[in-house]
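Residues per chain are reported as follows:
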Amino acid sequence: MKLPSLLTFSAAVFLSGPAHAALTAAYQFNEASGNSASDAIRGATGVATLNNFGGAQWVPGKIGNALEFDGANDFALALNVIPTGTTAMTISAWVWADAAPTWGSIVKNWGDASAGSFHFGFDNTSGRISNYLAAPQAGPLIAPGILTLNAWHHVAVTYNGSAGNQTLYIDGLQVASSTAPPDLDALTPNMSIGVKTNNSTLAASGAAAGYWDGKIDDLAFWNEALSAAQILQIKNNGDAGIGVVPEPSSMALLLLGVAGMSRRRR
């Protein structure tokens, strides 16, 4: 039996505890057909539109299904979840890389000529996971080692403007940190999954598009910098086949828990 993704389990425990970081967007990629990916938090506002996929994009993932990118022209666009003036955030995802293309993109809000809020993916041709922030530009934050191909990895980046730092995690462990600005600009109203777009985010960014080649699963955003223990919990839960998110807001937890239990009854 396939276990439902994100927060179906331990709902009573988390609902009775304190509400800390709010989960602001969650793409479970559990669809089986179609050219859109739902956002379990924002609903219709956060739906990601798939571009150039050939119809076989929904594949078995780390937790439930995942979205598979061909590394040639596949990408998705959604309304940006990081507003101008953001002072803290976390991005988390499970990724499977078939290759490490130049600037291979997990998720970005970044244009051709102007830096945006975040630029999360491979750094140039190094095969190392990285993140850039801007307001003004900060970074790069780059993992010390090359990401193993053809395997699932949990990747996360946290940003804390008041502390002036950003931190990178791979497979639940902190691997790098760097300085960061006190707040972030949002370059455009959209963000791109699996590609870097041009400044209008209506098309891929030419030779520097950095199409993701592989799979992405359970992409999620929080409005605070999660702790190292929380990041490790997300990774361990994923290894157990469940996508429980640590201490989100009660409403986000309730919505996702109900959705997950509904899928189980079908």
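Heads up: the structure comes first, above all this text.
The rules behind these values
Residues numbered from 1 in each chain as written. Predicted model: local features only at pLDDT ≥ 70, side-chain atom pairs only at ≥ 80, totals over all residues. Heavy atoms only, no water. Helix = DSSP H or I, 4+ residues; strand = E, 2+ residues; numbered from the N terminus. Buried < 20%, exposed > 50% of the residue type's maximum accessible area, 1.4 Å probe, protein only. Areas by Shrake-Rupley, 256 points an atom, 1.4 Å probe, with all protein chains shown as cover. Salt bridge = Lys/Arg side-chain N within 4 Å of Asp/Glu carboxyl O. Expected span 1.5 Å × (residues − 1). Arc of directions from axis to C-beta. Contact = heavy atoms within 4.5 Å. Polar contact = N/O pair within 3.5 Å; in protein donor to acceptor, adjacent residues only side chain to side chain.

## Describing the overall build of the protein chain
- Looking only at helices and strands, the protein chain has three helices and 16 strands in total.
- Out of the 266 residues in the protein chain, the part that is buried amounts to 54%.
- Of the roughly 10100 Å² that the protein chain leaves accessible, carbon and sulfur atoms contribute 54%.

## Some thoughts on the pattern of salt bridges
- Counted by the stated rule, this structure contains three salt bridges.
- Asp239 serves as the salt-bridge partner of Lys235, at 2.6 Å between the closest nitrogen and oxygen. Placement of the pair is Lys235 and Asp239 together in helix H2 (residues 228-239), with a separation of four residues, close to one helical turn.

## Considering H2
- Over its twelve residues, H2 runs 17 Å from end to end, which matches the ideal 16 Å to within 8%, given 1.5 Å per residue.
- Among the residues of H2, Gln230, Ile231, Ile234, Lys235, Asn237 and Gly238 are the ones counted as buried. Viewed along the axis of H2, the buried residues span an arc of 165 degrees, placing them on a single side of the element.
- Contacts made by the buried residues of H2 are with strand S7 (88-97), strand S12 (152-160), strand S13 (165-170) and strand S16 (213-222).
- Backbone geometry just after H2 places Gly241 at a positive phi near 90 degrees.

## Regarding the side chain of Asn131
- Looking at the element boundaries, Asn131 is found in strand S10 (residues 129-133).
- On the basis of relative accessible area, Asn131 is assigned to the buried category, the value being 0%.
- Within polar-contact distance, the side chain of Asn131 engages the backbone nitrogen of Phe120 at 3.5 Å.
- A distance of 2.9 Å separates the side chain of Asn131 from the side chain of Gln166, its partner in a polar contact.
- Residues within four places of Asn131 in sequence aside, it is in contact with Phe118, His119, Phe120, Pro140, Leu141, Val157 and Gln166.

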